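One-letter residues, chain by chain:
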Amino acid sequence: MDFILGLSSTAPPTPLKVALVTANGSDTAAGTEVTGGSYTRQNLTVGAASSGATSNSADLVFTGMPAATVVGIEIWDNAVTPVRLWYGALAASRTVAAGDELRILAGELDLSIS
C-alpha cells in the first residue's frame with residue numbers, strides 16, 4: 001500500500017493527483033473526468049498505511065468548479081504519461097454549480113486494500 005501511495009523509495013512518480021469524475025471508470029477504462037471552469041487535479045497527501053488502510057491527511061480543495069455532478073474519484077501518478085492507480089465511487093454524489101468549491105476534508109478519502 002505504501003508503494004502505490006508514493007511512500008516508498010520505488011514508488012510511482014509523485015505527487016499523486018486526485019481527479020473528480022462524472023461517470024465512474026472500471027478496471028479497464030478511466031471514468032469521465034470533470035472539465036471546465038478552473039477545475040484541476042489536486043495533490044494527494046497521505047500518511048503511512050496501517051493495517052492496509054490510510055486516508056488523505058490534508059483537505060482536497062477543487063475551486064472554480066464547472067456545473068457538474070461528481071460521482072467518483074481517481075488517483076493518478078505524476079508520470080509524463082500518467083497512470084491511474086486507484087478509482088472509486090463516492091458514498092454519495094455531489095452536485096456543484098458553476099464557480100462552486102468542492103472540498104474533501106482530511107480523513108474523508110479512505111483508501112484500503114482488502
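Here goes a summary of the coordinates provided. (Residues numbered from 1 in each chain as written. Predicted model: local features only at pLDDT ≥ 70, side-chain atom pairs only at ≥ 80, totals over all residues. Heavy atoms only, no water.)

A complete count under the given rule lists 1 aromatic pair for this structure. Relative to F62, the ring of Y39 has its centre 5.9 Å away and its plane inclined at 15°; by these criteria the two rings are stacked. Taken as a pair, Y39 in the loop between β2 (32–33) and β3 (42–43) and F62 in strand β5 (residues 60–62) lie far apart in primary sequence, 23 residues in all. Residue Y39 shares its accessibility class with F62, and that shared class is buried. (Phe/Tyr/Trp six-rings, centres within 6.5 Å; stacked < 30°, edge-to-face > 60°. Helix = DSSP H or I, 4+ residues; strand = E, 2+ residues; numbered from the N terminus. Buried < 20%, exposed > 50% of the residue type's maximum accessible area, 1.4 Å probe, protein only.)

To continue, consider the nonpolar core. L20, L44, F62 and M65 are the most contacted members of the largest nonpolar core, which totals 23 residues. Residue assignment for this core shows that the elements contributing at least two residues are β1 (17–23), β5, β6 (68–76), β7 (84–96) and β8 (102–104). It is β6 that contributes the most residues to this core, 5 residues altogether. When sequence neighbours within four positions are dropped, the list of residues in contact with L20 reads T32, E33, V34, Y39, F62, M65, V70, G72, I73, L102 and I104. (Core = buried A, V, L, I, M, F, W, Y, C linked by side-chain atoms within 4.5 Å. Contact = heavy atoms within 4.5 Å.)

That's the geometry; what it means functionally is another story.
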